[in-house]
Every structure is written in C-alpha cells, then in structure tokens.
Amino acid sequence: MNHSHVTISSKKFFFLVLAVITLSFVTRQAMAKVSLDVLQQDGYGVAEIQRPTPNILTVIAEINGKKVRLLLDTGFQPGGILLHSDRLSGLQMPVEEIKDSLRAASGQEMTGFKSGQAEKVRIGNVELARVPVFFGNLKPLRTGENMRTMGVDGFIGAGFMRTCSAVVDLQNLKFYLRPPGKGHRAVLGPGLKAAGLAEASLSGSALVEVEINGGAGKMEVDTGAGHAGIDTRFGEKIKAATRGSRVGVQDASGKISSTRLMQVRSFRIGGTPVKVPDLRLSTYGFYSPSGVIGLLGMDILGPNGAIVDFGSGKLYFYPSAR
C-alpha cells in the first residue's frame, strides 16, 4: 500500500471533552429541518447516526464482516478508517508498520501505527471495497468511562468522507455516502439556502473562515470535538477576557490539558453571524497565527443545524437572528 497519500502526521487526531453539555441539535422553531433523502436518487447510501452521549456522533460499520462502532470525526484526516489496535484480531487483514509519527492536538508525538486494507466495509446500506484501515493505541477510547458511555472502536474521518463525497446531516442525524465511481455529486446549495441556511466554503482538510470578537482566523470543522476551542495565543491576540474552567480536554495521546473560558461578543462563520456559547481556550500543537486557530466543535455545529457536505466542500448552518 502506498502511504504517500496518508496524512499520518496530521496536526490533529481527535479531541474529547471530559465533561459534555446537553444540547438540542435544532433549538429554534425557525430552524425547520430539511430532509436530504433525495440524495439516494444520486447514488448515495445512508446510515443512521447515533448519539451515545449528547455531543458524540457514531455509526455502526462492518469491516470484513466484523461489527464495529465508529466515531464520526471530521477532524481526523487520513483517507481510511482508524481502529484501536485490539480490533485487528479476527479481521483477517495483513498489516504493515507505518514509519511516520503522528501528533495529537496537544502536539504530543504518537508512534506504533499499522495499516492494512479491508476487502469489504459496510456502513448503513453502503458497501465499499478495498478501504484503507489503520490501527493504533488510542488510549482515551479504552478508559472505563469512555468505554461505558461510548463503546467506540475507532474513527471515520475527513479523508474517508471526501473520498465518498459524504454529507453529515446533524439536523436529521444521517450520514450519506456515495461509493467512488457511482452516481454523481449532488448540488445542495440552492435548496439549503432557499430553506434559510447560510453557506461557507471549506478549504484544506475541513477548514472554515471565522471571525471571533473581530479577530479573523480559520477553525477546523470537527464533529469529534464535543466543545469548540481556540488556542490561548489567539485569545491573547484579540485581548480576550477569560475566566477559569474545571473542564479539561484529552487528545488521542491521552494527554489532558486545562482550559479557560472566553466570553464571545461576536462570532461569524464565512462572514455570517451565528450564536455560540462561551469558547474554551487551550494550547494546540497545530496553532498558526495566520492559519488554524482552533476547532469548531459540536456545541456550535449541533445547535446551529449544521450540514457538512464534503462532495462540494461546503458547510451549511442557520445564521443567528438579526
């Protein structure tokens, strides 16, 4: 297998919050749900998204006939599926070592990953062949509390979603996939904008332009992040007032980082104002003063009725009332 296309040293693997908040995915009557089931006429299949806890999204998949539960994590970049190493048993899949290292959100280096290829993967009513699969020691997934509440075996990330022109529909909790070479890419923009949703373009992995309290930057659209977060250095740049927080964040390496809270006076995605809670500030290894400043998590994506369209590279959401 050619590893040149595998972004195994990605800046961010996944982001789990030690405490989650209960949220309503569509909180205002003005946010009428929009059905995307018409996508199935364009060659897309669909899987139901489950929520084992309020801010966590999962789907059930079968890999070479073995059932697994996968976290939908648009912040995870490699173009395949990532499983904890203990799931390799019984998959009848030859694997090889990956020489490249990986850095988690905190910047902590991770090594010891392996790669293979699944002959058949089934997600909902979609069947895919020869799917790249990666294996590694994902410590936070195997802690007692996370095993009890989530029972997650691994991740589906942005690279896989781009390959399958995926649409993550947080309004209806549905995950649409189009097998490569089948059907055609749907154009959702006109219908969704007519229904009152705003549109913003995604660049790179899944980056979107934001403006926070007048300061501009890019955030990674991250359904694997229970809470949105920005880097402490960006907070200092915009002279944000902060206060303490008892909630920490844990990345894929198992490292726990403390956070502070910042009151948000204004927040725009792609130039459109949206309602957001207070933001969490922490230190991220991927921070760039002129680039990525943080993660756009589920506490923003969910309540604003987000739809992430990887086929067209667009994020749709409800703007705040003017």
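Quick look at the structure, then. This is a predicted model, so every value here is computed, not measured.

What counts and what doesn't
- Residues numbered from 1 in each chain as written.
- Predicted model: local features only at pLDDT ≥ 70, side-chain atom pairs only at ≥ 80, totals over all residues.
- Heavy atoms only, no water.
- Helix = DSSP H or I, 4+ residues; strand = E, 2+ residues; numbered from the N terminus.
- Buried < 20%, exposed > 50% of the residue type's maximum accessible area, 1.4 Å probe, protein only.
- Polar contact = N/O pair within 3.5 Å; in protein donor to acceptor, adjacent residues only side chain to side chain.
- 1 Å grid on protein atoms, 1.4 Å probe; cavity = no way out; pocket = protein on both sides within 12 Å on 5 of 7 lines; lining within 4 Å.
- Points joined across faces, edges and corners; volume = space filled by probe spheres on them.
- Nonpolar A, V, L, I, M, F, W, Y, C, P; charged D, E, K, R; others polar.
- Core = buried A, V, L, I, M, F, W, Y, C linked by side-chain atoms within 4.5 Å.
- Salt bridge = Lys/Arg side-chain N within 4 Å of Asp/Glu carboxyl O.

This part is about the environment of glycine 151. With respect to the helices and strands, the residue glycine 151 is situated in the loop between α1 (144–149) and β11 (154–157). Under the relative-accessibility criterion, glycine 151 is labelled partly exposed at 28%. Residues glycine 151 and leucine 71 lie 80 residues apart in sequence; the distance between their C-alpha atoms is 9.7 Å.

What follows concerns the side chain of asparagine 55. Among the structural elements, asparagine 55 can be located in the loop between β2 (45–48) and β3 (58–63). In terms of polar contacts, asparagine 55 uses its side chain to reach the backbone carbonyl oxygen of glycine 226, at 2.9 Å.

It is the rolling of a water-molecule-sized probe over the atoms that shows where space remains empty. Within this model, the second largest pocket holds a volume of roughly 150 Å³. Together, 13 residues line the second largest pocket, and Leu128, Ala129, Val131, Thr163 and Pro180 are the ones closest to its centre. Put simply, the parts of the chain that give the lining of the second largest pocket at least two residues each are β10 (126–136) and α2 (158–163). Its residues assigned to classes, the lining of the second largest pocket shows 8 nonpolar, 2 polar and 3 charged.

Positive phi, close to 50°, is recorded for asparagine 64, a residue that is not glycine. Mapped onto the elements, asparagine 64 comes out in the loop between β3 and β4 (66–73). Despite not being glycine, asparagine 213 has its phi angle at roughly 50°, a positive value. Tracing the sequence through the fold places asparagine 213 in the loop between β15 (207–212) and β16 (215–221).

Now for the nonpolar core. Residues Phe175, Ile212, Phe267 and Leu315 are the most contacted members of the largest nonpolar core, which totals 63 residues. Leu36, Val46, Leu188 and Tyr318 belong to the second largest nonpolar core, which has 14 residues in total.

With that out of the way, let us pick up the pattern of salt bridges. Side-chain pairing between opposite charges can occur once the charged atoms of the two side chains come close. The tally for this structure, following the rule as stated, stands at 8 salt bridges. For arginine 122, the salt bridge goes to glutamate 127, with nearest N and O atoms at 3.4 Å. On the accessibility criterion, arginine 122 (35% relative accessible area) is partly exposed. Glutamate 199 is the salt-bridge partner of lysine 314, the closest N and O atoms lying 3.7 Å from each other. One end of the pair, lysine 314, is in strand β27 (residues 314–317); the other, glutamate 199, is in strand β14 (residues 198–201), and 115 residues separate them in sequence. Shared partners join several salt bridges into a network, and the residues in it are Lys193, Glu199 and Lys314.

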